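Chain residues, written in single-letter form:
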Amino acid sequence: MPTLLIADDHPLFRAALRQAAMEAVAGADIREAGSLDAVLAALDADGGIDLVLLDLHMPGNHGLAGLAAIRAQYPGVAVVVVSANDDPRVVRRALDHGAAGYLPKSAGLDELRDAIRAVLACEQWLPASLRAAVARTQSDSGDADLAARLASLSPQQFRVLTLVAQGLLNKQIADRLDVQERTVKAHLSAIFERLGVRNRTQASVVLRELELADPARQLA
């Protein structure tokens with residue numbers, strides 16, 4: 001039976017996703033996480049997770065950065081992005097960065113079940129209401145290039161990049177990852193080369209290109 005990880009910081013929405021997952025796949029092992037750090041820790045601890053239902057704006061996640069992190073560090077795990085944002089341009093960006101599906105938070109239980117079943121069957125899934133608009137939306141060449149550059153990083157290099165973007169120094173990164181400082185420096189050299197940047201600031205900007213405005217905050 002497949003193992004699913006529901007990643008959302010709202011308990012009521014997690015409960016709705018859990019119900020849909022239980023109905024979509026009888027006997028599925030369903031886990032939950034309320035932050036991006038908890039998601040990455042769960043994936044690190046259990047290599048058997050098949051699918052993550054990922055909220056774009058949960059704590060620790062800023063737009064597409066969490067999706068990019070999962071795809072870089074755990075490429076065998078399928079990700080369905082879950083968001084209140086149904087802008088076709090955002091959906092297109094999510095697909096270009098490796099999402100296997102996109103699920104608006106306004107979706108009903110039938111769509112939730114369909115999405116889970118389709119992605120577990122190795123199919124891409126979009127709600128019917130968005131398919132035509134997303135099909136008309138062209139991929140941004142910069143996004144495609146960014147996705148390719150990030151995909152060229154090893155899982156450990158992506159972890160280093162994430163910590164650099166958080167402002168940590170080399171020694172702090174080494175302590176966090178339990179490696180030697182010279183190993184961090186070697187990773188940084190490789191990161192700069194693969195991303196086509198010269199320094200830590202430019203590398204951090206690469207991740208900031210994945211940030212998206214949270215519709216819920218805009219309405220607040």
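Conventions and cut-offs
Residues numbered from 1 in each chain as written. Predicted model: local features only at pLDDT ≥ 70, side-chain atom pairs only at ≥ 80, totals over all residues. Heavy atoms only, no water. Buried < 20%, exposed > 50% of the residue type's maximum accessible area, 1.4 Å probe, protein only. Helix = DSSP H or I, 4+ residues; strand = E, 2+ residues; numbered from the N terminus. Contact = heavy atoms within 4.5 Å. Polar contact = N/O pair within 3.5 Å; in protein donor to acceptor, adjacent residues only side chain to side chain. Salt bridge = Lys/Arg side-chain N within 4 Å of Asp/Glu carboxyl O. Axes fitted to C-alpha atoms, helices over the stretch in contact; angles between N-to-C directions. Parallel < 35°, antiparallel > 145°, perpendicular 65-115°, else oblique. Left-handed = near helix turned anticlockwise from the far one by under 90°. Nonpolar A, V, L, I, M, F, W, Y, C, P; charged D, E, K, R; others polar. Pairing = 2+ DSSP bridges. Right-handed = clockwise from strand over helix to strand, strands pointing away.

## Details of helix H3 (residues 65-73)
Turning to step 1, where the next piece is worked out: In terms of residue burial, H3 counts as a mostly covered element, since 7 of its 9 residues are buried.
Turning to step 2, where the next piece is worked out: Looking at the buried positions of H3, the neighbouring elements they touch are helix H2 (36-45), strand E3 (51-55), strand E4 (78-83), helix H4 (88-96), helix H7 (141-151) and helix H8 (155-165).

## Some thoughts on unusual backbone geometry
Turning to step 1, where the next piece is worked out: Residue Cys122 is not a glycine yet carries a positive backbone phi of 65°.
Turning to step 2, where the next piece is worked out: Counting through the fold element by element, Cys122 comes out in the loop between helix H5 (109-120) and helix H6 (128-136).
Turning to step 3, where the next piece is worked out: Relative accessible area serves as the criterion here: at 75%, Cys122 is assigned to the exposed category.
Turning to step 4, where the next piece is worked out: Despite not being glycine, Asp178 shows a phi value in the positive range, around 60°.
Turning to step 5, where the next piece is worked out: Within the fold, Asp178 resides in the loop between helix H9 (170-177) and helix H10 (181-195).
Turning to step 6, where the next piece is worked out: Residue classification places Asp178 among the exposed residues on the basis of a relative accessible area of 70%.

## With respect to the environment of Asp8
Turning to step 1, where the next piece is worked out: Mapping Asp8 onto the fold places it in the loop between strand E1 (3-7) and helix H1 (11-24).
Turning to step 2, where the next piece is worked out: Residue classification places Asp8 among the buried residues on the basis of a relative accessible area of 1%.
Turning to step 3, where the next piece is worked out: Linking Asp8 and Phe192, residues 184 residues apart in sequence, is a C-alpha distance of 32 Å.
Turning to step 4, where the next piece is worked out: For Asp8, the residues in contact, after removing those within four places along its chain, are Phe13, Arg14, Ala33, Gly34, Asp55, Met58 and Lys105.
Turning to step 5, where the next piece is worked out: A polar contact is formed between the side chain of Asp8 and the side chain of Lys105, at a distance of 2.9 Å.

## Quick look at the pattern of salt bridges
Turning to step 1, where the next piece is worked out: On inspection of all chains with the given rule, the structure shows 13 salt bridges.
Turning to step 2, where the next piece is worked out: Where Arg31 meets Asp29, a salt bridge forms, and the shortest distance between an N and an O atom there is 2.8 Å.
Turning to step 3, where the next piece is worked out: What makes Asp29 partly exposed here is its relative accessible area of 31%.
Turning to step 4, where the next piece is worked out: With a shortest N-O distance of 2.5 Å, Asp143 and Arg93 are connected by a salt bridge. Of this pair, Asp143 sits in helix H7 while Arg93 sits in helix H4, placing them 50 residues apart in sequence.

## Description of the packing of H8 against H9
Turning to step 1, where the next piece is worked out: Between H8 and H9, the least distance of the axes is 10 Å, while the angle of their chain directions is 130°. Relative to H9, the element H8 is oriented oblique. The handedness of the crossing between H8 and H9 is right-handed. Of the residues in H9, those in contact with Gln156, Arg159, Val160, Leu163 and Val164 of H8 are Ile173, Arg176 and Leu177.
Turning to step 2, where the next piece is worked out: Taken together, the residues that form the contact of H8 with H9 break down as 5 nonpolar, 1 polar and 2 charged.

## Comments concerning the packing of H9 against H10
Turning to step 1, where the next piece is worked out: The geometry of H9 relative to H10 is characterised by a closest axis approach of 8 Å and an angle of 105° between their N-to-C directions. When the axis of H9 is compared with that of H10, the two are roughly perpendicular. Facing H9, whose interface residues are Asn170, Lys171, Ile173 and Ala174, H10 presents Glu181, Val184, Lys185 and Leu188.
Turning to step 2, where the next piece is worked out: Class assignment of the residues belonging to the contact of H9 with H10 gives a composition of 4 nonpolar, 1 polar and 3 charged.

## Observations regarding the pairing of E1
Turning to step 1, where the next piece is worked out: Summarising burial for E1: 5 of the 5 residues are buried, a large majority.
Turning to step 2, where the next piece is worked out: Here E1 shows two buried faces, one formed by Thr3, Leu5 and Ala7 and the other by Leu4 and Ile6.
Turning to step 3, where the next piece is worked out: Relative to strand E2 (residues 29-33), E1 is paired through 5 bridges, and the arrangement is parallel. Paired with Leu4 across the two strands is Ile30, which belongs to E2.
Turning to step 4, where the next piece is worked out: For the handedness criterion, the β-α-β arrangement of E1, H1 and E2 is classed as right-handed.

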